[in-house]
Amino acid sequence: MVRSDYTRTFIVLCLLCLIPVNLPAQATDLPVSGKVSLNEVELDYLKTHPTLMVRSHPMLPPHTFIEAGRYKGFWIDLLEIMFKGLGVELVYDSRDRSHGYANYLKHGTADIMPSLLVTPERQKLMIFTDPVVLIGYPAIVMRSDVTPLRDLDALANKRIALIEGHPFESSLRRHGLKFELVSVKTFPEALEAVSYGLADATVQSINMAAYWSKERQISNLTPTGPAAIAGMQKQVTAFAVAQDNYVLQGLLNKLLKHIKAEEFQKLREKWYLSSTDLRIPEGDASIALTIEERIYMDGLSSLKFCGDPDWMPYERINDKGIYEGIVADLIGIMSQRLGVDIRLRPTESWKQTLVDTRNGDCDVITAAALTPARREWLDFTQPHLEFPLVVAVRNEELFVENLEAIRNKKLGVVKGYAHAELLGRKIPNLNITEVDNVHDGLRRVQSGELYGFIDTVATIGYGIRAYDLVDLKIGGKLDTTLALSVAVRKDQNPLLLSSLNKAVALITEQEKQAITSRWFSVAYERGVDYDLIWKIVIASAMALFVLLAWNRKLARLNKIIAKAHSEVERLSNTDQLTKLPNRRYLEHMLSQEFERVKRYSKPFSVVLIDIDHFKAVNDIHGHDVGDELLVSFSELLSESVRKSDIAGRWGGEEFLLICPETDLSQSAQLAELLRERIESNIFRIVGGKTASFGVAKYCQEDTVQALLKRADNALYCAKENGRNQVVVAKDDGPIDIQEESVKTPSK
């Protein structure tokens, strides 16, 4: 009977499972392609929008840009990952953006705008997804061979290369900085202006500066510090959609959250700053938080932290209630880079700090050593500071070789510190006495109550000086290192620990050394080990000998390399036949002369020279004689021009003369002297030859092409009018060869 009852019950349950149940569709998310679950509203949107128009910036690497006709960049890769497997075609458009981002979204000519800075003004016109990338201060970028300027105020009255009208320019103006603007059209042009010495510095995103330096092979630049522009520090970029398109906004947010943290990090490593590019300047390292971490940190109004109120030089609350010390400075850097206000909750002692944190009154402990006991209720970042433990003793005591030598001595440790637990693992049953604080421990050593007091080299060195304990010394270094980390309660959101860990990782050794040196310097006494001293002396002498030999070899190699580099540079800028500067070098010097004349408003002219009837020489005498004529003509030209002039072969039988700080009449006189000298010269085999000259001067708002065109037209006019003459182009633009030109007649 029992088995029969079970059978009937099973049959009833099976029948119930066959009864259809209608549930509202929107209440359940449906999995799509095994990747992300979308509701029916979102699925319907994708069906009705099989193509999404993405309007991205074509010249904003490494964020979004076009290369070889294809869109590339961090945001492009991010979009492709988000929409993979959803059956949606992403079409990228870079047409004119003069009508504004909001208008394109409003009128439907764009569905998604990536990499947009979120500003209050834009939030009135469009809606944004959750933050994707945090933007910190831009960097000051300078040549690496000049004295670095590390803050904005130091840039006063300097030449700064910027895109005219770019927000960086207006931000610097609002900052009150007075500077000379070197106007450029693009970011790479700004870097090149600094590289060539046309500007003292530029202000750019560190990632864009790194990208363009690598792309343009600019190797003589380095960031020197953050451009700490007011209101520019904590900014985020996100995707933007039309003001009423909440479905697409929600869809984008859902797709963003589905991306794994390691996948997002790979994108950052691929496109953003790496160790092989420009180095990150001190104080300007942005933290590569995941989307979830960024949202969590942005949602925090502040963090309550507790520290040790009396543990210098690491941290303390001074008489004025100010939190200071090495750890305080490090926490300040982390707070700035995370964009979160980290607020101190004062405590009376280290023991109270531990109790209050355990009770939930503190979110974070600033500097704590990891121990098994603490591991049960705290999580730890990687260490931000590491110092050896040492022992303080009276001056008359001998050098302490190791901890084993003093295991039976009475040793003091501050109550609650991890020191006793760390030392106890190595030497069980140490004779440890707990003291209230560092001052209490050192005072007891001074009075003879304790043989020694154990703490870090920084703490004891600072305490001996601060309390004027001249009869105490650091008696020896113990074989134990105290590693300090930021500690977080285990009941906190794990995103807090991961964000803090990244902030710790980005603090450079240079920053730590600079902070530490401000707060202490101390040496401790060591025992005299003469065997070790002799070993060190012999090893040092051998190392010095090897180093000197290597340095000599390296110096010779450097000279060879420098000479080879110089020769390669010379050959790349020299015409192989005539040994004059070639067209590549002339074009480079023309560009430099244009920048100089724009800055200093000095006159500047060019002379284009053509050997008359040169083709006939080749036809009659052969190309070898023609080449010989070109060489002789070049030598004559080099001997006849001034030291300030630059003469080079422009191509074929044409030569170009660049005349800095020379007006039109002076250039015409120089050309006439050259014409006369050429006419009077007798060249081997061919005898007498003449040349025609076209002269033009730089006009305001001129371009290199326009200037050369006027000189070329003047040269053409000279040849049309009978050759062997100098024709000067008009100042107000290219001459018309049909019009009468100013010319010097042939003699």
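Check the entry above for the structure.
This report concerns the structure included in the present document.

Conventions adopted
- Residues numbered from 1 in each chain as written.
- Predicted model: local features only at pLDDT ≥ 70, side-chain atom pairs only at ≥ 80, totals over all residues.
- Heavy atoms only, no water.
- Helix = DSSP H or I, 4+ residues; strand = E, 2+ residues; numbered from the N terminus.
- Buried < 20%, exposed > 50% of the residue type's maximum accessible area, 1.4 Å probe, protein only.
- Contact = heavy atoms within 4.5 Å.
- Areas by Shrake-Rupley, 256 points an atom, 1.4 Å probe, with all protein chains shown as cover.
- Axes fitted to C-alpha atoms, helices over the stretch in contact; angles between N-to-C directions.
- Parallel < 35°, antiparallel > 145°, perpendicular 65-115°, else oblique.
- Nonpolar A, V, L, I, M, F, W, Y, C, P; charged D, E, K, R; others polar.
- Pairing = 2+ DSSP bridges.
- Phe/Tyr/Trp six-rings, centres within 6.5 Å; stacked < 30°, edge-to-face > 60°.
- Lys NZ or Arg CZ within 6 Å of the ring centre and 35° of its normal.
- Salt bridge = Lys/Arg side-chain N within 4 Å of Asp/Glu carboxyl O.

1. Observations regarding the overall build of the chain
Each helix and strand in the chain was counted, giving 25 helices and 36 strands. When the 747 residues of the chain are sorted by exposure, 47% land in the buried category. By sequence separation, contacts in the chain at least 24 residues apart represent 71% of the contacts at least 6 residues apart. Put simply, the chain shows about 38,500 Å² of open surface, and 53% of that area lies on carbon and sulfur atoms.

2. Topic: the environment of Ala729
Note on placement: Ala729 falls in the loop between β35 (726–728) and β36 (742–744). Sequence separation of Ala729 and Leu664 is 65 residues, and the distance between their C-alpha atoms is 8.9 Å.

3. Digging into the side chain of Thr433
Tracing the backbone through its elements, the reader meets Thr433 in strand β26 (residues 432–435). Beyond its immediate stretch of four places on either side in the chain, Thr433 contacts Lys410, Leu411, Gly412, Val413, Arg444 and Leu450.

4. As for the packing of helix α3 (residues 74–83) against helix α9 (residues 246–258)
Running from N to C, α3 and α9 cross one another at 95°; their axes reach a closest spacing of 9 Å. Taken together, α3 and α9 sit at an angle that is classed as roughly perpendicular. Residue-level inspection shows Leu78, Met82 and Phe83 of α3 in contact with α9, the latter providing Leu251, Leu252, Leu255 and Leu256. The residue inventory of the contact of α3 with α9, partitioned by class, reads 7 nonpolar, no polar and no charged.

5. Digging into the sheet that holds strand β6 (residues 70–72)
An order of β4-β5-β6 is seen for the 3 strands of this open sheet, with the pairing classed as antiparallel. Each edge of the sheet is formed by a strand with only one pairing partner; in this case those strands are β4 (59–60) and β6. Both strand β5 (residues 64–67) and β6 contribute to a ladder of 3 bridges, which runs antiparallel. What sits directly across from Glu67, in β6, is Arg70.

6. Some details on the packing of aromatic side chains
Counted according to the given criterion, the structure contains 14 aromatic pairs. Every member of this aromatic cluster is reached through a ring pair, and the members are Trp311, Tyr314, Trp350, Phe387 and Tyr417. One residue, Arg173, lies across the ring of Phe179, its end atom 4.2 Å from the ring centre. Between the NZ or CZ atom of Lys409 and the centre of the ring of Tyr451, over which it lies, the distance is 5.1 Å.

7. Some details on the pattern of salt bridges
Following the criterion strictly, the structure yields 31 salt bridges and no others. Note that Lys257 and Asp130 form a salt bridge whose closest N and O atoms lie 3.9 Å from each other. Taken together, the residues Lys257 in helix α9 and Asp130 in the loop between β9 (127–128) and β10 (133–135) connect sequence positions 127 residues apart. Ionic pairing is found between Asp440 and Arg443, a salt bridge with its closest N-O pair at 2.9 Å. Of the two residues, Asp440 and Arg443 both sit in helix α16 (residues 438–447), 3 residues apart, roughly one turn of that helix. Asp440 gets classed as buried once you look at its relative accessible area, which sits at 8%. A single network of salt bridges, built from pairs that share partners, joins Asp440, Arg443, Arg444 and Glu449.

8. Focus: the environment of Leu637
On the secondary structure map, Leu637 appears in helix α23 (residues 623–640). Between the C-alpha atom of Leu637 and that of Leu580, which follows or precedes it by 57 residues, the distance is 9.7 Å.

9. Examining the sheet that holds strand β19 (residues 315–317)
On the basis of which strands lie adjacent, the open sheet formed by 3 strands has the order β18-β19-β20 and antiparallel pairing. Bordering the open sheet on either side are β18 (310–311) and β20 (323–324), each of which pairs with just one other strand. Relative to β20, β19 runs antiparallel, the two sharing 2 bridges. Among the inter-strand pairings, Arg316 is bridged to a residue of β20, identified as Glu324.

10. Comments concerning unusual backbone geometry
Put simply, Met312 and Pro313 share a cis peptide bond, and its omega is 10°. Examined against the element boundaries, Pro313 turns out to sit in the loop between β18 and β19. At Glu701, a position not held by glycine, the phi torsion is positive, near 65°. Along the chain, Glu701 turns up in the loop between β34 (691–697) and α25 (704–720). Among the residues examined, Glu701 registers a relative accessible area of 70% and is labelled exposed. Of note, the phi angle at Arg723 is positive, near 65°, even though the residue is not glycine.

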